[in-house]
Amino acid sequence: MTTIGFIGLGNMGMPMASNLHRAGHEVRCFDTSAAALAEAAERGMSPCTSVAAAIEGAQCVVSMLPSGRHVLDVLVTPQDLPYAPGCVVIDCSTIDIASCAAFHQALSRRGIATLDAPVSGGVTGAAAGALTFMVGGTEEGFARALPLLQVMGKNVIHAGDAGAGQAAKICNNMITGISMVAVAEALSLAKRLGLDLRKFFDIASTSSGQCWSLTSYSPEPGLVASSPSNRGYEGGFASELMLKDLRLAEQAAIASGAPALLGGAAASLYAMHCQAGKRRLDFSSIIQMMDDRPARAAV
Ligand code: NAD
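A brief report on the enclosed structure follows. Each chain has its residues counted from 1, following the order in which its sequence is written. Where totals are concerned, whole chains, interfaces and linings use all residues; where local detail is concerned, this predicted model gives features only for residues with pLDDT of at least 70, and gives and counts side-chain atom pairs only at 80 or more. Side-chain numbers here rest on the full set of heavy atoms in the structure, without hydrogens or water.

## Points about the overall build of the chain
Looking only at helices and strands, the chain features 13 helices and nine strands. Relative to the globule expectation of 19 Å for 299 residues, the C-alpha radius of gyration of the chain, 21 Å, shows essentially globular dimensions. Structurally, the chain occupies a C-alpha span of about 75 × 45 × 35 Å along its principal axes. Taking all 299 residues of the chain together, the buried fraction comes to 49%. Residue contacts are counted whenever heavy atoms from the two residues lie within 4.5 Å of one another. Partitioning the intrachain contacts of the chain with sequence separation of at least 6 by distance along the chain shows that 64% fall at a separation of at least 24. Only carbon and sulfur atoms are counted for the fraction: they give 58% of the accessible area of the chain, which is about 13,800 Å². By the counting scheme adopted, Arg and Lys are positive, Glu and Asp are negative, and His together with the chain ends is not counted. One atom stands in for each charge, and that atom is NZ of Lys, CZ of Arg, CG of Asp or CD of Glu. The distance from the centre of the 21 positive side-chain charges to the centre of the 24 negative ones in the chain is 6 Å. The secondary structure listing takes helices from DSSP runs of H or I that are at least 4 residues long and strands from runs of E that are at least 2 residues long, numbered from the N terminus. It is over C-alpha atoms that the radius of gyration is taken, and the globule rule equals 2.2 Å times the number of residues to the power 0.38. Each residue is placed in one exposure class: buried if its accessible area under a 1.4 Å probe, protein chains only, is under 20% of its type's maximum, exposed if it is over 50%, and partly exposed if it falls in between. Residue burial considers only the protein chains on display, and all accessible areas are found by Shrake-Rupley using a 1.4 Å probe.

Here you go:
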């Protein structure tokens, strides 16, 4: 049994922490939300009144917070946090590259082992213990964290040194955001051209247009049973989270000099979509933006 300090019990953190508790670990948790702490207690975990209380004596600290600013404010800036000697801190949040580097540097200067371990798989994957973890950090830190990450995830990949997990996450979601826009535009055009969508799906999914956004997560209802498009775009991965990840990719591309023209365009489209009141809808709802554009008048 490992004593774990778990910080951030939101949509992702709560089921992840629950899985660790169910696997027999002692989970001491903290969140700024009283409701989240009450739910954690109902689930059998030990709620704490502060970050320090959750961390004290823990062999491992796991965080699942909204952004880089939160990670630094909570885990790094306070100089008096009682990290136990030999403790490993695993940040699973999706954050920017610069904050991730600051997290690793500041804590390793204090002799604390750190890993960045962002995830893919969403709330369903978190509940099922089936997340994919992309991990950055030392081989030694990875080996220590692996048994815990395997409780919360199905695929745990050591992407490389510190920061490699965040880099992989940002690049992966850049592909997903761009490809979803591409699939949504093509399906919207196919409708305007009068194609039978089932037949077009059968063609594209076995042709060069095949990709995850089409065959596993179709933005058009009625084509892939498990897609959020069949449930009014409820659940799934919110458009605002896709916008967040595309902006992180854009930021990293600017900082590294990498061209990211399509990534930037996809970010702009998601920003417009969120401004149109769709930020909570699954990101595949971007097809509504294409479908809502009025047809050109016949000449
Ligand atoms: P969320 O907003 O549901 O949860 C964040 C939690 O952090 C909240 O409960 C909030 O109260 C808590 N919190 C905020 N400030 C805090 C502080 N100072 N101290 C303690 N707790 C604090 O977000 P989420 O959907 O669980 O996402 C968490 C992270 O996982 C984000 O970085 C997100 O990008 C990433 N992610 C989310 C998904 C998804 O599908 N939701 C998928 C992959 C990755």
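## Considerations on the packing of aromatic side chains
Paired rings are identified among Phe, Tyr and Trp, the last through its six-membered ring, by centres lying within 6.5 Å, and are further divided according to the angle between planes into stacked (under 30 degrees), edge-to-face (over 60) and tilted (the rest). Tallied over the full model, the rule gives three aromatic pairs. Pairing Phe237 with Phe283 gives two aromatic rings, centres 6.0 Å apart and planes at 85°, and the pair type is edge-to-face. A residue pair is termed long-range when its members are at least 10 positions apart, and Phe237 in the loop between helix H10 (212-215) and helix H11 (239-256) and Phe283 in the loop between helix H12 (261-278) and helix H13 (287-291) qualify at 46 residues. We classify Phe283 as buried; its relative accessible area is 2%. Among the aromatic residues, those joined into a cluster by ring pairs are Trp212, Tyr217, Phe237 and Phe283.

## Some remarks on the pattern of salt bridges
When their charged atoms lie close together, side chains carrying opposite charge are able to pair. In what follows, salt bridge is the name for a side-chain nitrogen of Lys or Arg lying within 4 Å of a carboxyl oxygen of Asp or Glu. Taken as a whole, this structure holds eight salt bridges when the rule is applied. Note that Asp73 is salt-bridged to Arg69, the shortest N-O span being 3.8 Å. Here Asp73 and its partner Arg69 are both found in helix H4 (residues 68-76), four residues apart, which amounts to about one turn of the helix. By relative accessible area, Asp73 is classed as partly exposed at 43%. Residue classification places Arg69 among the exposed positions, given a relative accessible area of 53%. The salt bridge partner of Glu240 is Arg280, with a shortest N-O separation of 3.2 Å. Here Glu240, found in helix H11, pairs with Arg280, found in the loop between H12 and H13; they are 40 residues apart in sequence, far enough to count as distant. Given the relative accessible area of 58%, Arg280 is considered exposed. What you see here is one network of salt bridges that share partners, running through Lys191, Glu220 and Asp291.

## Points about helix H9 (residues 197-204)
For the α-helix, the turn length of 3.6 residues means that residues three or four positions removed from each other point alike. All of the buried residues in H9 are Leu197, Phe201 and Ala204. Taken down its axis, H9 places every buried residue within 75° of arc, on the same side. Looking at H9, the residues exposed on the side facing more than 90 degrees away from the buried face are Lys199 and Ile203. Buried residues in H9 make contact with helix H8 (164-192) and H10. Residues adjacent in sequence count toward polar contacts only when both atoms are side-chain atoms; beyond that, a polar contact is any pair of N or O atoms within 3.5 Å, and within protein one must be able to donate a hydrogen and the other to accept it. One side-chain oxygen of the residue at the start of H9 lies 2.9 Å from the amide nitrogen of Arg198, identifying that residue as Asp196. The arc in question is the one spanned by the directions pointing from the helix axis to the C-beta atoms.

## Thoughts on the layout of surface pockets
Roughly 1,500 Å³ of volume is contained in the largest pocket. Met12, Gly122, Val123, Phe237 and Leu241 are the residues nearest the centre of the largest pocket, which is lined by 47 residues in total. Counting only elements with at least two residues in the lining of the largest pocket, the list comes to strand E7 (119-120), helix H6 (122-128), H8, H10 and H11. Ranked by residues supplied to the lining of the largest pocket, first place goes to H8 with six residues. For this scheme, ten residues count as nonpolar: Ala, Val, Leu, Ile, Met, Phe, Trp, Tyr, Cys and Pro. Four count as charged, namely Asp, Glu, Lys and Arg, and the remainder, Gly too, count as polar. In terms of residue class, the lining of the largest pocket is built from 19 nonpolar, 21 polar and seven charged. Considering only enclosed or pocket space, the second largest pocket measures out at about 200 Å³ in volume. As defined here, a cavity is a set of points on a 1 Å grid over the protein atoms alone where a 1.4 Å probe fits but cannot get out. A pocket is an open set with protein on both sides within 12 Å along at least five of seven lines, and residues line them when an atom is within 4 Å of a point. Lining the second largest pocket, in full, are Glu185, Ser188, Leu189, Arg192, Leu269, Met272, Met289, Met290 and Arg293. Within the residue set of the lining of the second largest pocket, elements represented by two or more residues are H8, H12 and H13. In terms of residues, the lining of the second largest pocket owes the most to one element, H8, which gives four residues. Grid points are joined across faces, edges and corners, and a volume is the space filled by probe spheres set on the points.

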